[in-house]
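Secondary and tertiary structure notes
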Amino acid sequence: MSASAPAAGAEANGLLPQLLELTARVPFDDRLALQARVEDMRFAKVMEFLRNVNSGLAEETDAQALYRRLRIARPVNAHDAPVNVGLMLFSEDAESWFQGARIEVVQFIEGTSGNVIEEKYFRGDIYAQLKNCLEYLESFSSSYTEKRSQHALAHGWVSYPSLALREAVVNA
């Protein structure tokens, strides 16, 4: 029997298209991470996140109940398993579970030469990556104020508005 025999049999039975369709319906972040354990997520990181967003769930002391309410873990057989988003947000290092799960910021020299001035990498859990990256990018932002003649009020702006930076980084 060849190594391709099971796949060919599954395809002939129509099982392979059904399995592919099923995986297409479940978003990646909602899929169970069966290679990991719930203990790979850090309860302290979950609590820090909940306190930072002023969630009432920060009062929960039972990790299993909290993880299920947050939908970052689901029961599988006789134990709970984390879902991908839980590992990305609350493990020590998202990249240890998901290759390339890091933020890279590259600053280029002005012009079209493509030469790099600086590269900065942000690693760890995704929440920490986002916080650290935003702090870094906001350090480049400058505030400007312009007093216009004939007007009592000054006009002010920033070079990189925080909300725009946050939106761009989180969406990326």
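Notes on the structure in this doc start here. (Residues numbered from 1 in each chain as written. Predicted model: local features only at pLDDT ≥ 70, side-chain atom pairs only at ≥ 80, totals over all residues. Heavy atoms only, no water.)

Before going further, it helps to spend a moment on the overall build of the chain. Each helix and strand counted, the chain has 7 helices and 6 strands in total. Element order for the chain, N to C, with α for helix and β for strand: α-α-α-α-β-β-α-β-β-α-β-β-α. The 172 residues of the chain split such that 26% are buried. Once local pairs closer than 6 in sequence are excluded, the contacts in the chain between residues at least 24 apart make up 50%. (Helix = DSSP H or I, 4+ residues; strand = E, 2+ residues; numbered from the N terminus. Buried < 20%, exposed > 50% of the residue type's maximum accessible area, 1.4 Å probe, protein only. Contact = heavy atoms within 4.5 Å.)

Despite not being glycine, N54 has its phi angle at roughly 55°, a positive value. Assessed through its relative accessible area of 71%, N54 is described here as exposed. Notably, R71 is not glycine yet its phi reads approximately 60°, a positive angle. Among the structural elements, R71 can be located in the loop between α4 (63–70) and β1 (73–76).

On to the pairing of strand β5 (residues 143–147). The buried fraction of β5 is low, at 0 of 5 residues. Both β5 and strand β6 (residues 154–158) contribute to a ladder of 5 bridges, which runs antiparallel. What sits directly across from K147, in β6, is A154. Here β5 folds back onto β6, and the loop between the two strands holds 6 residues, one of which, Q150, carries a positive phi near 75°. (Pairing = 2+ DSSP bridges.)

Axis separation between helix α6 (residues 126–138) and helix α7 (residues 162–171) bottoms out at 10 Å; the angle between their running directions is 140°. Taken together, the axes of α6 and α7 are oblique relative to one another. Regarding α6 and α7, the two cross each other, and that crossing is right-handed. Residues L130, C133, L134, L137 and E138 of α6 form the contact with α7, whose participating residues are S162, L165, R166, V169 and V170. Residues belonging to the contact of α6 with α7 are distributed by class as follows: 7 nonpolar, 1 polar and 2 charged. (Axes fitted to C-alpha atoms, helices over the stretch in contact; angles between N-to-C directions. Parallel < 35°, antiparallel > 145°, perpendicular 65-115°, else oblique. Left-handed = near helix turned anticlockwise from the far one by under 90°. Nonpolar A, V, L, I, M, F, W, Y, C, P; charged D, E, K, R; others polar.)

Okay, the environment of M88 next. By the element assignment, M88 lies in helix α5 (residues 84–90). Spatially, the C-alpha atoms of M88 and G124 are 8.8 Å apart, while their sequence positions differ by 36 residues.

Within the secondary structure layout, S91 lies in the loop between α5 and β3 (103–108). Among the residues examined, S91 registers a relative accessible area of 1% and is labelled buried. Side-chain polar atoms of S91 contact the backbone oxygen of L87, separated by 2.6 Å. The residues touching S91, leaving out its near neighbours within four places in the chain, are D40, M41, K45, G86, W97 and D125. (Polar contact = N/O pair within 3.5 Å; in protein donor to acceptor, adjacent residues only side chain to side chain.)

Here we take up the pattern of salt bridges. Following the criterion strictly, the structure yields 9 salt bridges and no others. Salt-bridge contacts for E48 lead to K131; the nearest nitrogen and oxygen are separated by 3.3 Å. Of this pair, E48 sits in helix α3 (residues 43–52) while K131 is found in helix α6, placing the two residues 83 residues apart along the sequence. Overall, E48 belongs to the partly exposed group, its relative accessible area being 32%. Here E95 makes a salt bridge to R102, at a shortest N to O gap of 2.2 Å. Residue R102 is classed as partly exposed on the basis of its relative accessible area of 28%. (Salt bridge = Lys/Arg side-chain N within 4 Å of Asp/Glu carboxyl O.)

You can see D40 is positioned in the loop between α2 (15–25) and α3. Looking at D40, its side chain comes within polar contact range of the main-chain nitrogen of R37, at 2.8 Å. Apart from the residues lying within four places of it in its own chain, the contact partners of D40 are L87, F90, S91, E92 and W97.

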